[in-house]
Amino acid sequence: MTEIDCGSREIFVRSAQNPILRGEDFPRMVNAVLNAGVVRFEGQTLLLVRVEDRTGLSSLVVAKSQNGVDNWEIDWDRRMTPDPDSFAERWGIEDPRITLVGDEYFIVYTGFGIGGPMVCLAVTRDFVSFERQGVLQPPEDKDAAIFPRMFNGRWALIHRPAPAAQEHGAHIWLSWSPDLRHWGDAAILVPARRGGWWDANKIGLGPPPLETAHGWLICYHGVRTTASGSIYRLGLALLDRDDPTRLLRRGTEWVFGPQAPYELTGDVPGVVFPCGWLLEDDGETLQMYYGAADSTMCLATASLSRLLDHLECHCSLAGPEELLVGPNA
Ligand code: BMA
């Protein structure tokens, strides 16, 4: 039996080349590059980068690299711009999470539209043309991704609706659809904790769920509100492989948080925000791409077995008491 590594070292190691992408690398005047989705495409690492220009609104632009670290080629002609005629994209498109389904890439992104942020879907084969499939979840809802396969003939979507009254807490939900259009059977999947926890009151999905031999690995952000602003940190959870509504494990501690200067300085200091990760062919090396301080794109690497070990060592099941986040709970 291999020994579990409960480790005293950090699990994620930052790239020495961070930030790997900045606004200056782009051929136009842009304010910030952040929260990219990522896939392997035609032998390269492809980032679909959220680019916020000086209007304050965001588009999604393709950047490609052979090694996923440097020599990025910004493909300005391959970009998804907000549809000016769509109520759902009036103020931009943000934070794509990409899932490969067959030979199509399902891009679940936030449409910042009339009524607030909402969950939208576009499908592409080539990252040149993007076919909009419409709104999957109305406002206010974001931090969403689709699983790469159906379960008993239905698609599963992870998303994060925001309650009208904050004291109810913003939790991670799972919804189902037979056709990617009609969604239902919504239920809380990972509740925000309450009280003094790092992930109390507001959480949201990071990259799309990653299938492992032990279940679907989930990385999520927890938002801590402090006197000097919010801190976005990352934690882990594991879902049953055949029934993703079953939360098998949930980490107690965060595994990655803002520490480096480029995570502490920028438009929104104290934010690490991944929308994509890639497992290398060795099945062990996980490359996580994240927005730092809502300003630049960065990379951190972890070993998959250490992430799973961490969940063995620092695990709690979300008991019913953690579902209640209100002051009277
Ligand atoms: C979230 C999203 C992200 C952003 C983060 C930190 O609500 O809007 O796009 O990176 O806040 O500002």
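Parameters and conventions
Per-chain numbering applies: the sequence of each chain, read as written, is numbered from 1 onward. Selection of residues for local features in this predicted model requires a pLDDT of at least 70, selection of side-chain atom pairs for listing and counting requires 80 or more, and totals for whole chains, interfaces and linings are taken over all residues. Each side-chain value is derived from all of the structure's non-hydrogen atoms; neither hydrogens nor water enter the calculation. Here, strands pair whenever DSSP counts at least two bridges between them. Segments assigned H or I by DSSP are reported as helices when at least four residues long, segments assigned E as strands when at least two residues long, and all are numbered from the N terminus. Interaxial angles span 0 to 180 degrees and are taken between N-to-C directions of axes, which are lines fitted to C-alpha atoms, for helices over the stretch in contact. Only protein chains enter the accessibility calculation, which uses a 1.4 Å probe; a residue whose area is less than 20% of its type maximum is buried, one above 50% is exposed, and one in between is partly exposed. By the convention used here, residues are in contact when the closest approach between their heavy atoms is within 4.5 Å. Near, as used in this document, describes a residue that has one of its heavy atoms within 4 Å of the molecule or strand being considered. Contacts described as polar in this section are N or O atom pairs within 3.5 Å, which, within protein, must combine one atom able to donate a hydrogen with one able to accept it, while residues neighboring in sequence count only if both atoms come from side chains. Side-chain classes follow a simple rule in which Ala, Val, Leu, Ile, Met, Phe, Trp, Tyr, Cys and Pro form the nonpolar group, Asp, Glu, Lys and Arg form the charged group, and the remainder, Gly included, forms the polar group. Each reported salt bridge corresponds to a side-chain nitrogen of Lys or Arg within 4 Å of a carboxyl oxygen of Asp or Glu. pLDDT runs from 0 to 100 and stands for how confident the predictor is about each residue. A patch consists of residues whose relative accessible area exceeds 30% and which take part in no salt bridge; residues with like charges are grouped when within 9 Å of each other, and nonpolar side chains (Val, Leu, Ile, Met, Phe, Trp, Tyr) when within 5 Å. Here the Shrake-Rupley method, with its probe set to 1.4 Å, supplies the accessible areas, and only the displayed protein chains count as covering residues. The definition of a nonpolar core used throughout is a set of buried Ala, Val, Leu, Ile, Met, Phe, Trp, Tyr and Cys residues joined through side-chain atoms within 4.5 Å. Paired rings are identified among Phe, Tyr and Trp, the last through its six-membered ring, by centres lying within 6.5 Å, and are further divided according to the angle between planes into stacked (under 30 degrees), edge-to-face (over 60) and tilted (the rest).

Novice: I'm lost on the sheet that holds strand β4 (residues 58-65) in this one. Help?
Specialist: Strand pairing in a sheet takes place through backbone hydrogen bonds and is either antiparallel or parallel in direction. The antiparallel open sheet is built from four strands, whose spatial order is β2-β3-β4-β5. The open sheet has two free edges, formed respectively by β2 (30-41) and β5 (73-80), since each of these has just one partner strand. Neighbour-to-neighbour, the strand axes of this sheet turn through a mean angle of 30°, independent of strand direction. Taken together, the five bridges between β4 and β5 define a ladder with antiparallel strand orientation. If you follow V61 over to β5, its bridge partner there is R79.

Novice: Is there a simple way to explain the environment of G206 in this structure?
Specialist: Mapped onto the fold, G206 is located in the loop between β14 (203-205) and β15 (210-212). Overall, G206 belongs to the buried group, its relative accessible area being 1%. Every residue in contact with G206, bar those within four places of it in the chain, is listed here: R97, C219, Y220, P274 and C275.

Novice: Whenever I open this one, the site of the ligand confuses me. Can you help?
Specialist: Taken together, N35, R50, D95, K142, Y232, V268, V271, F273 and D294 form the complete shell of residues around the ligand. A distance of 2.6 Å separates an oxygen atom of the ligand from a polar atom in the side chain of D95. Across the shell around the ligand, the residue classes tally to four nonpolar, one polar and four charged.

Novice: Can you walk me through the side chain of S15 in this structure?
Specialist: Topologically, S15 is positioned in the loop between β1 (13-14) and β2. Exposure remark for S15: the relative accessible area of 15% places this residue in the buried category. S15 has contacts with I20, V69, Y262, L299 and A300, leaving out every residue within four places of it along the chain.

Novice: It is not clear to me how the pattern of salt bridges should be interpreted in this structure. Could you clarify?
Specialist: Any two side chains of opposite charge can pair, given that their charged atoms come close. Inspection of the entire model under this criterion finds 18 salt bridges. Of the charged contacts in the structure, one is a salt bridge between D143 and R160, with a shortest N-O distance of 3.5 Å. Taken together, the positions of D143 in strand β10 (residues 141-146) and R160 in strand β11 (residues 155-161) put the pair 17 residues apart, joining distant regions of the chain. Just as D143 is buried, R160 falls in that class too. D240 is the partner of R246 in a salt bridge, and the nearest nitrogen-oxygen pair spans 3.0 Å. On the basis of relative accessibility, which here comes to 45%, the residue R246 falls in the partly exposed class. Members of the salt-bridge network, linked through shared partners, are K64, E73, D75 and R78.

Novice: Please clarify how the confidence of the model for the protein chain should be interpreted in this entry.
Specialist: Caution applies to low-pLDDT regions: their predicted coordinates should not be interpreted in detail. Taken over all residues, the pLDDT of the protein chain has a mean of 94, while the share at 70 or more is 95%. Ranking the elements of the protein chain by mean pLDDT puts helix α3 (residues 320-323) last, at 48, and strand β20 (residues 285-292) first, at 99. In this model, residues 323-329 is a region of pLDDT below 50 whose contacts with residues beyond four sequence positions or in other chains number 16 contacts.

Novice: I tried to follow helix α2 (residues 304-313) on my own but got confused; where do I start?
Specialist: In an α-helix there are 3.6 residues to a turn, and that puts residues three or four apart on one side. Most of α2 is tucked away: seven of the 10 residues are buried. Those residues of α2 not exposed but buried are L304, R306, L307, L308, D309, H310 and L311.

Novice: What is the right way to look at the sheet that holds β1 in this model?
Specialist: Pairing is antiparallel in the open sheet, where four strands are placed in the order β1-β21-β20-β19. Edge positions in the open sheet fall to β1 and β19 (272-279), since each of these has one partner strand only. Bridging between β20 and strand β21 (residues 296-303) involves eight bridges; their strand directions are antiparallel. Note that in β21 the partner of M288 across the bridge is A300.

Novice: So what exactly am I meant to see when it comes to the environment of W173 here?
Specialist: By secondary structure assignment, the location of W173 is in strand β12 (residues 172-177). When sequence neighbours within four positions are dropped, the list of residues in contact with W173 reads L157, I158, H159, P161, A186, A187, I188 and L189.

Novice: Could you clarify how one ought to interpret a nonpolar patch on the surface in this entry?
Specialist: A surface patch of nonpolar side chains, amounting to about 500 Å² of accessible area, comprises L57, F87, W91, F112, I114 and V135. Mapped onto the elements, I114 comes out in the loop between β7 (104-113) and β8 (116-124). What makes I114 partly exposed here is its relative accessible area of 43%.

Novice: How should I be thinking about the nonpolar core in this particular structure?
Specialist: Across soluble globular proteins, you tend to see nonpolar side chains buried next to one another. Core analysis: the biggest nonpolar cluster contains 25 residues, and F12, L217, F256, W277, M288, Y290 and L307 have the highest contact counts within it. Taken together, the elements giving at least two residues each to this core come down to β16 (215-226), β17 (229-239), β19, β20, β21 and α2. In this view, L217 contacts P209, L210, T212, A237, L238, W277, L304, L307, L308 and L311; residues no more than four positions away in its chain are not counted.

Novice: Whenever I open this one, the pairing of β19 confuses me. Can you help?
Specialist: Burial runs high along β19: seven of the eight residues are buried. Strand direction decides the pairing type here: β19 and β20, joined by seven bridges, are antiparallel. Bridge pairing in β20 links L278 to Q287. Turn length for the β19-β20 hairpin, with the two strands adjacent in sequence and antiparallel, is five residues, and the turn residue G283 shows positive phi of about 70°.

Novice: Which parts of the structure should I look at to understand the packing of aromatic side chains?
Specialist: We describe a pair of aromatic rings using the distance from one ring centre to the other and the angle between the two ring planes. Under the defined criterion, the tally for this structure stands at 14 aromatic pairs. Ring geometry for F151 and W176: centres 6.0 Å apart, planes at 90°, overall edge-to-face. With F151 in the loop between β10 and β11 and W176 in strand β12, the pair connects residues that are 25 residues apart, well separated along the chain. Judged on exposure class, the residue F151 and its partner W176 are both buried.

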